[in-house]
Amino acid sequence: MRHTKRLLSLTAVMVLAACTDNITNPRADAAGTYTLTVYAGKSIPAHFVVQPGDPGYPDLPNGGTLDVTGGDIVLNSNGTFAETNDLVLTPPSGSAISRTFFRTGTWTLYGETLTIDSGSGSNAIHDQGTVTTDANGVMTVNYTEDDGTGTFQPYEYKRF
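Calculation notes
- Throughout, a residue's number is its position along its own chain's written sequence, starting from 1.
- The model is predicted, so local features are restricted to residues of pLDDT at least 70 and side-chain atom pairs to those at 80 or more, both for listing and for counting; the totals for chains, interfaces and linings are taken over all residues.
- Only heavy atoms go into the side-chain values, all of them from the structure, while hydrogens and water stay out.
- In these notes, a set of buried Ala, Val, Leu, Ile, Met, Phe, Trp, Tyr and Cys residues joined through side-chain atoms within 4.5 Å is what counts as a nonpolar core.
- Each residue gets one of three labels from its accessible area relative to the maximum for its type: buried under 20%, exposed over 50%, partly exposed in between, using a 1.4 Å probe on protein chains only.
- Put simply, DSSP marks the helices as runs of H or I at least four residues long and the strands as runs of E at least two long, and each gets a number from the N terminus on.
- We call two residues in contact when some of their heavy atoms are within 4.5 Å.
- The definition of a polar contact used here is a pair of N or O atoms within 3.5 Å, where within protein one atom must be able to donate a hydrogen and the other to accept one, and adjacent residues in sequence count solely through side-chain atom pairs.
- Put simply, a salt bridge is a Lys or Arg side-chain nitrogen that is within 4 Å of an Asp or Glu carboxyl oxygen.
- Whether two strands pair comes down to DSSP finding at least two bridges between them.
- Cavity and pocket criteria rest on a 1 Å grid covering protein atoms alone: a 1.4 Å probe that fits but cannot get out defines a cavity, protein on both sides within 12 Å along at least 5 of 7 lines defines an open pocket, and an atom within 4 Å of a point defines a lining residue.
- Grid points are joined across faces, edges and corners, and a volume is the space filled by probe spheres set on the points.

## Focus on the nonpolar core
Membership of the largest hydrophobic core comes to 25 residues, with the highest contact counts inside it found for Tyr34, Tyr39, Val68 and Val141. Elements with a contribution of two residues or more to this core: strand S1 (32-39), strand S3 (46-50), strand S4 (64-75), strand S5 (80-90), strand S7 (113-118), strand S9 (139-146) and strand S10 (152-159). For this core, the element with the highest residue contribution is S4, accounting for four residues. The contact partners of Tyr34, leaving out residues within four places of it in the chain, are Gly71, Asp72, Ile73, Leu75, Val131, Met139, Thr140, Val141, Tyr157, Lys158 and Arg159.

In structure tokens:
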């Protein structure tokens, strides 16, 4: 009887361990580098027209275009992250201006629910989203962010 209880206990531990890669730190499973695939609802490369006088684009006072050519987000297992987006701003006349959007902060994961926080005070950004795995084992980070007008735009990063 004692051997049966030990065998059942050992079997239960093995089954529980097989259900997750990392019982003590589930963030470790989601940690990694993800490639930008969707920016503000558009597939990469994403093209946007900037209207003259748009306060979000001081480099384009007369309008122009914004092209998002790539980017990534790195989720570290310690709960920090770094996000980079590669941008090209083109005025109606003149040369293209390359810029890099960069932010760092913290992230938490509860089940598939992702929270991303960066900045502080009036510059604080609090994004909500998910981390999911598809049938092919590709992990995907999805979140939405207020574009400053009260509209929440979707962003997606995949870990290939």
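Picking up where we left off.
## A few points about the side chain of Arg103
Its location among the elements puts Arg103 in strand S6 (residues 97-110). Only 3.5 Å separates the side chain of Arg103 from the side chain of Glu145, close enough to count as a polar contact. Here Arg103 is in contact with Phe81, Ala82, Glu83, Ile116, Ser118, Ile125, Asp127, Tyr143 and Glu145, once residues within four sequence places are set aside.

## Thoughts on the pattern of salt bridges
Inspection of every chain in the model, using the stated rule, returns four salt bridges. Close ionic contact of Glu145 with Arg103 constitutes a salt bridge, the shortest N to O distance being 3.5 Å. Placement of the pair is Glu145 in strand S9 and Arg103 in strand S6, with a sequence separation of 42 residues. When its relative accessible area of 17% is taken as the criterion, Glu145 is described as buried. One connected set of salt bridges, linked through shared partners, spans Glu83, Arg103, Asp127 and Glu145.

## Here we look at the pairing of S4
The pairing of S1 with S4 spans four bridges and is antiparallel. Residue pairing for S4: Gly32 is matched across the bridge by Leu75. Relative to S4, S3 runs antiparallel, the two being bridged by five bridges. From the neighbouring strand, His47 faces S4, where its bridge partner is Asp67. Bridge analysis of S4 against S5 gives 10 bridges, and the strand direction is antiparallel. In the strand pairing of S5, Asp67 is matched with Val88. Turn length for the S4-S5 hairpin, with the two strands adjacent in sequence and antiparallel, is four residues, and the turn residue Gly79 shows positive phi of about 90°.

## Re the layout of surface pockets
Roughly 900 Å³ of internal volume is contained in the largest pocket. If you trace the largest pocket, you find 28 residues lining it, with Tyr39, Tyr57, Leu66, Asp147 and Tyr155 closest to the centre. Contributing elements (two or more residues each) for the lining of the largest pocket: S3, S5, S6, S9 and S10.

## Observations regarding the side chain of Ser118
If you trace the backbone, Ser118 turns up in strand S7. On the basis of relative accessibility, which here comes to 7%, the residue Ser118 falls in the buried class. At a separation of 3.1 Å, a polar atom in the side chain of Ser118 contacts the side chain of Arg103. Setting aside its immediate chain neighbours within four residues, Ser118 contacts Phe81, Arg103, Thr104, Gly105, Asn123, Ala124 and Ile125.

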